[in-house]
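Secondary and tertiary structure notes
Residue strings, one per chain:
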Amino acid sequence: MTGKERKNRSEDVNIDKGVDDWLPITSSRTAKWYYSAFHNVTAMVGAGVLTLPYAMSQMGWAWGAVVLVVSWVVTLYTLWQMVEMHEMIPGKRLDRYHELGQAAFGEKLGLYIVVPQQLTVEVGVNILYMVTGGKSLKKIYDTACPSCKPLKLTYFILIFSSVHFFLSHCPNFNSISFVSFMAAVTSLSYSTIGWGASIHKGIGPEVDYSPRASTTVGRVFGAFHALGEVAFAYAGHNVVLEIQATMPSTPEHPCKKPMWKGVIVAYIIVAICYFPMAFIGYAAFGRSVESNILISLEKPAWLIIIANAFVVIHVIGSYQIFAMGVFDMVESYLVKVKKFSPTRMLRLVTRTTYVALTLFLGMTFPFFSGLLGFFGGFAFAPTTYFLPCIIWLAIYKPKRYSLSWITNWICITIGSYENNNK
């Protein structure tokens, strides 16, 4: 290599480092283990937890319990795999899901496999949270002032979006840590209110646990839709590497140890939120439970208002967690591929445009939550349940019929079954 070539290569490295120091995922690597805990709680415990009693009503007690427990175990295992694979290449950190895909399948194929699915999840969640935030604000308004003039849902979605036009300009993950922490706290709060109010209501003589649909076809489609809702409840895998990228790491102290500590705490909180909500909510309302259990809880009014206020705070944080991944993809493409300068103006335009786009789609398709089952199967299930296992097999190549090989193929089979039946 000539002196000129070495100089050019050094300049390229410096440019890349400068870009990485600007991008939202890699610009700050000072996160602590507990950042991982509340970021993961915020990413997972969202609108999905409110639909779990409804999912139980579609599947019944036996299958509903099996699906929830198996999903918790399988997704914890696949999340462990992703945490382990973050630094599987010596001297390099795989800071993004698509970088992990590229390490397994090649530069181009890895992008083609991972990016469309990851973007579908992240953008889909953001649109859904626009609608969810608007619905919760409307529920607060209707409950607090039942005699007031009814307002359209679109007005409340617009109100909810206003905060994101401000928060979206926080530069990186660590800059939204407080928002994420508040979101994690409120998620635990409204989940507790949901199942606590269900206990207070009790099981009345009118509660019916028979299948929700009256026909065999209806029950089958209902069960498949419920599987999609459960898959949506474990969407955090799509941002876990990006969260881990915010932690410092050295060969002596790899970031996978504090990251895994945070994940364990997060999954304990997830279990505390998910299982009581699903089982107690279904027990209290049976087949008549609404798709959002807070709608089924009509009194006391003050408690419903508080619970929906907590939902609003939580989905504000969740929106930002998933949007940060989209911002990183878009800004990486514009700066690294299209050679735009990494400036505040570029960030202002791209992020404002994205928030406006999700706002427009949320107002245009307020029934977006009805597509949850479809999205759950199309992208949520693959990126959560079996894509990490496929990548693990492709990279580590465990011995055939070993425990690792068998475990991964079991997870792939479960995830593929859930994906193929949407």
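Going by the structure above, here's the rest.
Right, let's walk through the structure included here.

Cut-off values and rules
- Residues numbered from 1 in each chain as written.
- Predicted model: local features only at pLDDT ≥ 70, side-chain atom pairs only at ≥ 80, totals over all residues.
- Heavy atoms only, no water.
- Salt bridge = Lys/Arg side-chain N within 4 Å of Asp/Glu carboxyl O.
- Helix = DSSP H or I, 4+ residues; strand = E, 2+ residues; numbered from the N terminus.
- Buried < 20%, exposed > 50% of the residue type's maximum accessible area, 1.4 Å probe, protein only.
- Core = buried A, V, L, I, M, F, W, Y, C linked by side-chain atoms within 4.5 Å.
- Contact = heavy atoms within 4.5 Å.
- Disulfide = S-S within 2.5 Å.

1. Overview of the pattern of salt bridges
Under the criterion given, the structure shown has 11 salt bridges. Note that Glu84 is salt-bridged to Lys256, the shortest N-O span being 3.4 Å. Here the residue Glu84 occupies a position in helix α4 (residues 52-85), and Lys256 occupies one in helix α11 (residues 256-285), the gap between them amounting to 172 residues. Judged by relative accessible area, which is 29%, Lys256 ranks as partly exposed. A salt bridge links Arg347 to Glu331; the nearest nitrogen and oxygen atoms lie 3.4 Å apart. Of this pair, Arg347 sits in helix α14 (residues 344-364) while Glu331 is found in helix α13 (residues 301-337), placing the two residues 16 residues apart along the sequence. With relative accessibility at 10%, the residue Arg347 sits in the buried group. Judged by relative accessible area, Glu331 falls into the buried class, the value being 0%. Overlapping salt bridges, with partners in common, bring together Arg29, Arg93 and Asp95 in one network.

2. Some points on the nonpolar core
Counting 107 residues, the largest nonpolar core has Val49, Val230, Tyr234 and Tyr274 as the members making the most contacts within it. In contact with Tyr234, not counting residues within four places along its chain, are Met44, Leu68, Ser71, Trp72, Thr75, Tyr267, Val270, Tyr274, Thr384 and Tyr385. In terms of nonpolar packing, the next biggest core, distinct from the first, is built from six residues, Val19, Trp22, Val335 and Leu346 among them.

3. Regarding the state of the cysteines
According to the stated counting rule, one finds one disulfide in the structure shown. Across a sulfur-sulfur distance of 1.5 Å, Cys145 and Cys148 are joined as a disulfide pair. Between Cys145 and Cys148 the disulfide shows an S-S torsion of about 70°. By sign, it is right-handed.

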